[in-house]
Amino acid sequence: MVNEKIQAAEENLIHVYNRFPVALDHGEGMYVYDTEGKEYLDFAAGFAVTGLGYDNKELNEALKAQIDKLYHTSNLYYHESCGEAARELNRVSGMDRVFFTNSGGEANEGALKAARRYAYTKGTGRYEFIAMENSFHGRSFGAVSVTGHDSYREPFEPLVPGVKFAKFNDLDSVKALITDKTCAIIMEPLQGEGGINLATQEFMEGIRAICDENDILMICDEVQCGMGRTGSMFAWQGFGVKPDILTMAKAIGNGIPVGAFAMTEEVARYSLKPGDHGATYGGNPLACTAVKTVLGIFEREKIVEHVNEVAPYLTKRLDELVEELDCVTERKGKGLMQGIVITKPLAEVNKKAIEEGLLVIQAQGNVIRFVPPLIVEKKHIDEMIEKMKRVLA
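Okay, so let's go over this structure.

What counts and how
Residues numbered from 1 in each chain as written. Predicted model: local features only at pLDDT ≥ 70, side-chain atom pairs only at ≥ 80, totals over all residues. Heavy atoms only, no water. Axes fitted to C-alpha atoms, helices over the stretch in contact; angles between N-to-C directions. Helix = DSSP H or I, 4+ residues; strand = E, 2+ residues; numbered from the N terminus. Parallel < 35°, antiparallel > 145°, perpendicular 65-115°, else oblique. Left-handed = near helix turned anticlockwise from the far one by under 90°. Contact = heavy atoms within 4.5 Å. Nonpolar A, V, L, I, M, F, W, Y, C, P; charged D, E, K, R; others polar. Buried < 20%, exposed > 50% of the residue type's maximum accessible area, 1.4 Å probe, protein only. Pairing = 2+ DSSP bridges. Phe/Tyr/Trp six-rings, centres within 6.5 Å; stacked < 30°, edge-to-face > 60°. Lys NZ or Arg CZ within 6 Å of the ring centre and 35° of its normal. Polar contact = N/O pair within 3.5 Å; in protein donor to acceptor, adjacent residues only side chain to side chain. 1 Å grid on protein atoms, 1.4 Å probe; cavity = no way out; pocket = protein on both sides within 12 Å on 5 of 7 lines; lining within 4 Å. Points joined across faces, edges and corners; volume = space filled by probe spheres on them. Patch = residues over 30% accessible without salt bridge, like charges linked within 9 Å, V, L, I, M, F, W, Y side chains within 5 Å. Areas by Shrake-Rupley, 256 points an atom, 1.4 Å probe, with all protein chains shown as cover. Salt bridge = Lys/Arg side-chain N within 4 Å of Asp/Glu carboxyl O.

**Some remarks on the packing of helix α14 (residues 346-355) against helix α15 (residues 378-392)**
Between α14 and α15, whose axes approach to 9 Å, the crossing angle comes to 130°. The pairing of α14 with α15 is recorded here as oblique in orientation. Like other packed secondary-structure pairs, α14 and α15 cross with a definite hand, here right-handed. Touching Val349, Lys352 and Ala353 of α14 are Met388, Val391 and Leu392, all from α15. Considering only residue class, the contact of α14 with α15 consists of five nonpolar, no polar and one charged.

Structural data, given as structure tokens:
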């Protein structure tokens, strides 16, 4: 049965994903199951998406109820769930205004447009962006233009002009790129795809200072590192360094396709105007119901507090792998967004992990990435470590 399903996909889909030979059927909590009933412990969470794990009954029921009411309207009209989701998302993110999109890539696209529009409205003539090496911001033309990997950009050049790349955690390299045309600096407080690289406190504060001194906007991409994963609701809050524009997606909907970019009142006043931007499905009732329900569960179940309780144990167990196994050379990351640098081929490790019933993902720099659902317990971490020891043996 599995082979038939995989074959049907292979014959009919455009091959743009390096898929694993597994056909998943359903999930529960920390585990997913394939069509033959095999169980997999999930430390990938659909690329850090399913923060609440699988088959959360409260979220399921809220979505079913909304489907019976209304799941799409034109965005020319208000609906209850959009306003509630926006209010709650602004409250927990520390921002003032929000625009809903369908994905993280779209959120970053909107953030870039907002920054350009801000400069246009103020008449500064600014249009250049500074992004970071090893960054990842999405697959659309704007988002890939500010992604700091040649392999992502080169096949699609020429891309959006006016983008320069600085070295992550190197303030001097950022300062060297500043001109009177720089409108925004975009960065991830914790790079995911780029290799689980955490910004330093000095770097975050330095970027904020550079932006303040030069009338430049600071954009934080928290599509992956946001929503509690680093031990605060959004990673910028852990640094105490507030951006002008914040992008998010993934875990805000726990798997329902939704993203958002949010901004301060100052940026909102001078940036996007009616007609400048839009999204047919952005902010639809079903997605917004997911957002407001997820945020409610996060708060009531104290998910962020749980992350801070269990993350030190993940750190400890991964550090033990570094000490015990010669092929593991380093642990990186923060909270429940961590990785280990290994000397073995990533493809081989992923294959063996699947055989062991464990889902993990890779990142640049020969890194195995661990981004489990935020409901993970110590027993799941122990189970993962034992599987990884067999995989890396």
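Next, the rest of the story.
**A word on the pairing of strand β5 (residues 128-132)**
Counting buried positions along β5 yields five of five residues, so the element is predominantly enclosed. Taking every second residue as pointing to the same face, both faces of β5 are buried, with Glu128, Ile130 and Met132 on one and Phe129 and Ala131 on the other. Relative to strand β7 (residues 182-187), β5 is paired through three bridges, and the arrangement is parallel. Each residue of the ladder has a partner; that of Glu128, found in β7, is Thr182. Here β5 pairs with strand β6 (residues 163-166) via four bridges, running parallel. Paired with Met132 across the bridge in β6 is Ala166.

**Here we look at unusual backbone geometry**
In this chain, Glu157 is followed by Pro158 through a cis amide linkage whose omega measures 5°. Looking at the secondary structure, you find Pro158 in the loop between α7 (150-153) and β6. Positive phi, normally seen in glycine, also occurs at Asn134, with a value near 70°. Summarising the element assignment, Asn134 is placed in the loop between β5 and α6 (141-145). Judged by relative accessible area, which is 34%, Asn134 ranks as partly exposed. A positive phi is found at Asp215, a non-glycine position, where the angle reads about 55°. Tracing the backbone shows Asp215 in the loop between α9 (201-214) and β10 (217-221). The exposure class of Asp215 is partly exposed, given its relative accessible area of 37%.

**Examining the packing of aromatic side chains**
Scanning the entire structure with this criterion turns up four aromatic pairs. Judged by centre distance (5.2 Å) and plane angle (25°), the rings of Phe99 and Phe261 are stacked. In this pair, Phe99 is assigned in strand β4 (residues 97-101) and Phe261 in strand β12 (residues 259-263), connecting sequence segments 162 residues apart. Accessibility expressed as a relative area gives 1% for Phe261, which makes it buried. The cationic tip of Lys122 hangs over the ring face of Tyr270; the distance from NZ or CZ to the ring centre is 4.8 Å. For Lys378, the ring lying beneath its charged end belongs to Tyr313, and the centroid distance is 5.3 Å.

**Focus on the side chain of Thr101**
Within the element layout of this structure, Thr101 appears in strand β4. Among the polar contacts made by the side chain of Thr101, one reaches the main-chain amide nitrogen of Ala260 at a distance of 3.5 Å. If we skip the residues at most four places from it in the chain, Thr101 touches Glu106, Ala107, Val258, Gly259, Ala260, Phe261 and Gly282.

**Examining the packing of helix α13 (residues 303-324) against α15**
Between α13 and α15, the least distance of the axes is 10 Å, while the angle of their chain directions is 15°. One way to sum up the angle between α13 and α15 is to call them roughly parallel. By crossing handedness, the relation of α13 to α15 is classed as right-handed. Packed against α13, whose contacting residues are Val310, Tyr313, Leu314, Arg317, Leu318, Leu321 and Glu324, the element α15 presents Lys378, Ile381, Asp382, Met384, Ile385, Glu386, Met388 and Lys389 at the interface. Across the contact of α13 with α15, the residue classes tally to nine nonpolar, no polar and six charged.

**Focus on empty space enclosed by the protein**
Applying the stated rule across the entire model yields one cavity of 30 Å³ or more. By volume, the largest cavity amounts to about 40 Å³.

**Regarding a nonpolar patch on the surface**
There is a patch of nonpolar side chains on the surface, built from Ile14, Val16 and Tyr17 and spanning about 400 Å² of accessible area. Relative to the assigned elements, Ile14 resides in the loop between α1 (2-12) and β1 (24-28). On the basis of relative accessibility, which here comes to 71%, the residue Ile14 falls in the exposed class.

**Here we look at the layout of surface pockets**
In this structure, the second largest pocket occupies an estimated 1000 Å³ of space. Asn75, Cys82, Val98, Phe99 and Phe100 are the residues nearest the centre of the second largest pocket, which is lined by 33 residues in total. For the lining of the second largest pocket, the secondary-structure elements that each account for two or more residues are α4 (80-93), β4 and β12. Within the lining of the second largest pocket, the residues separate by chemical class into 15 nonpolar, 15 polar and three charged.

**Describing the pattern of salt bridges**
Tallied over the full model, the rule gives 27 salt bridges. The closest approach of N and O atoms between Glu58 and Arg300, which form a salt bridge, is 2.2 Å. Of this pair, Glu58 sits in helix α3 (residues 57-69) while Arg300 sits in helix α12 (residues 285-300), and the two are 242 residues apart along the sequence. Accessibility expressed as a relative area gives 37% for Glu58, which makes it partly exposed. A salt bridge links Arg97 to Glu265; the nearest nitrogen and oxygen atoms lie 3.3 Å apart. With Arg97 in strand β4 and Glu265 in helix α11 (residues 265-270), this residue pair connects regions lying 168 residues apart in the sequence. Look at the salt bridges and you will find they share partners, linking Lys316, Arg317, Glu320, Glu324, Asp382, Glu386 and Lys389 into a network.

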